[in-house]
Amino acid sequence: MSDNKAVDTTTTPPTTAASDGTTVQTTTATAAATEALNSLGIPSAEFVSDVDEFMSRPDNDQNTTKVLKQLDECHTKYRFMEQSLMQKKRRLKKQIPDIETSIDVLKLVKLKQEKNQPTESNFLLSDQVYMKATIPATDKVCLWLGANVMLEYTIAEGEELLKKNYDTATKNLQQIDTDLDFLRDQITTTEVNMARVYNWDVKKRQSQKSSIAAAAGAATTTPITIGAK
């Protein structure tokens, strides 16, 4: 940031630590509970409540450029992980309805097998081209496992496998939602930290300019005493 305008930091991050001890303890407990639900081991972002103390740490050394670069790198990593999780979420949301459909079809085949009745179906030949087919009662089904691999199962085995896949996909989707919430909290915290550090640097520069201007003005207005002859 090249201009010396302070950035608005009125947005309060989910892990804000205020100056009073009570709020800090509550926020810390909330952050710890949220991090415990983080299944990917994503590091949490520290909220900078005291910028002076934060910038005076040995690894920061009052270097605003260095600190902002580090925060920006963390922010980029959080964004990358967020995009990766969003892709996984989209795949799971597409996969779960397919599993549900397969379970429904399996139930129909099971019902027809119990009644010893054939199953009438429309067989897909190619895109938008179907042909009527009659499937005799059977206790075997073939399931696609992915990567062009299909295996034959009994109806009971196929039902067990599909239900297991459905439960796993649903659980993973819930965990991804939890991880995304955690990531968004860290992104917000990092963005607020960047704004606070930048504002601290702006105020520091303004203070230095004011001190220099005041010293120069004092030197200019110093009265000169001329001794009497």
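Refer to the structure presented above.
One structure accompanies this document, and this report is about it. (Residues numbered from 1 in each chain as written. Predicted model: local features only at pLDDT ≥ 70, side-chain atom pairs only at ≥ 80, totals over all residues. Heavy atoms only, no water.)

**Regarding the overall build of the protein chain**
Next, step 1: From N to C terminus, the protein chain includes four helices and four strands.
Next, step 2: Secondary structure of the protein chain in N-to-C order comes out as α-α-α-β-β-β-β-α.
Next, step 3: Each of the 229 residues in the protein chain was classed as buried or not, and the buried ones make up 25%.
Next, step 4: Carbon and sulfur atoms form 54% of the exposed surface of the protein chain, whose accessible area is close to 16100 Å². (Helix = DSSP H or I, 4+ residues; strand = E, 2+ residues; numbered from the N terminus. Buried < 20%, exposed > 50% of the residue type's maximum accessible area, 1.4 Å probe, protein only. Areas by Shrake-Rupley, 256 points an atom, 1.4 Å probe, with all protein chains shown as cover.)

**Topic: the side chain of Thr 119**
Next, step 1: Along the chain, Thr 119 turns up in strand β1 (residues 119-126).
Next, step 2: Residue classification places Thr 119 among the buried residues on the basis of a relative accessible area of 9%.
Next, step 3: Ignoring sequence-local partners within four residues, the contact set of Thr 119 consists of Leu 108, Lys 112, Ala 133, Thr 134 and Ile 135. (Contact = heavy atoms within 4.5 Å.)

**Here's the deal with the nonpolar core**
Next, step 1: Ranked by size, the top nonpolar core spans 22 residues in total, and within it Tyr 78 and Val 141 carry the most contacts.
Next, step 2: Of all the secondary structure elements, the ones that give two or more residues to this core are α3 (64-115), β3 (140-146) and α4 (155-220).
Next, step 3: Tyr 78 has contacts with Ile 42, Pro 43, Ser 44, Ala 45, Leu 183, Gln 186, Ile 187 and Thr 190, leaving out every residue within four places of it along the chain.
Next, step 4: If you look at the next biggest cluster of nonpolar residues, it comprises 12 residues, including Val 51, Leu 71, Met 194 and Val 197. (Core = buried A, V, L, I, M, F, W, Y, C linked by side-chain atoms within 4.5 Å.)

**As for a nonpolar patch on the surface**
Next, step 1: Residues Phe 123, Leu 125, Val 129 and Met 131 make up a contiguous nonpolar surface patch of about 400 Å² in total accessible area.
Next, step 2: Sorting the residues of the nonpolar patch by element identifies β1 and β2 (129-135) as the ones contributing at least two each.
Next, step 3: For Met 131, the location among the structural elements is in strand β2. (Patch = residues over 30% accessible without salt bridge, like charges linked within 9 Å, V, L, I, M, F, W, Y side chains within 5 Å. Salt bridge = Lys/Arg side-chain N within 4 Å of Asp/Glu carboxyl O.)

**Quick look at unusual backbone geometry**
Next, step 1: Phi at Gln 62 is positive, roughly 60°, even though this residue is not glycine.
Next, step 2: Position of Gln 62 relative to the elements: it lies in the loop between α2 (51-55) and α3.
Next, step 3: Taking relative accessible area as the criterion, Gln 62 reaches 34% and is therefore assigned partly exposed.
Next, step 4: Positive phi values are uncommon outside glycine, yet Asn 148 reaches one of about 60°.
Next, step 5: With respect to the helices and strands, Asn 148 occurs in the loop between β3 and β4 (149-154).

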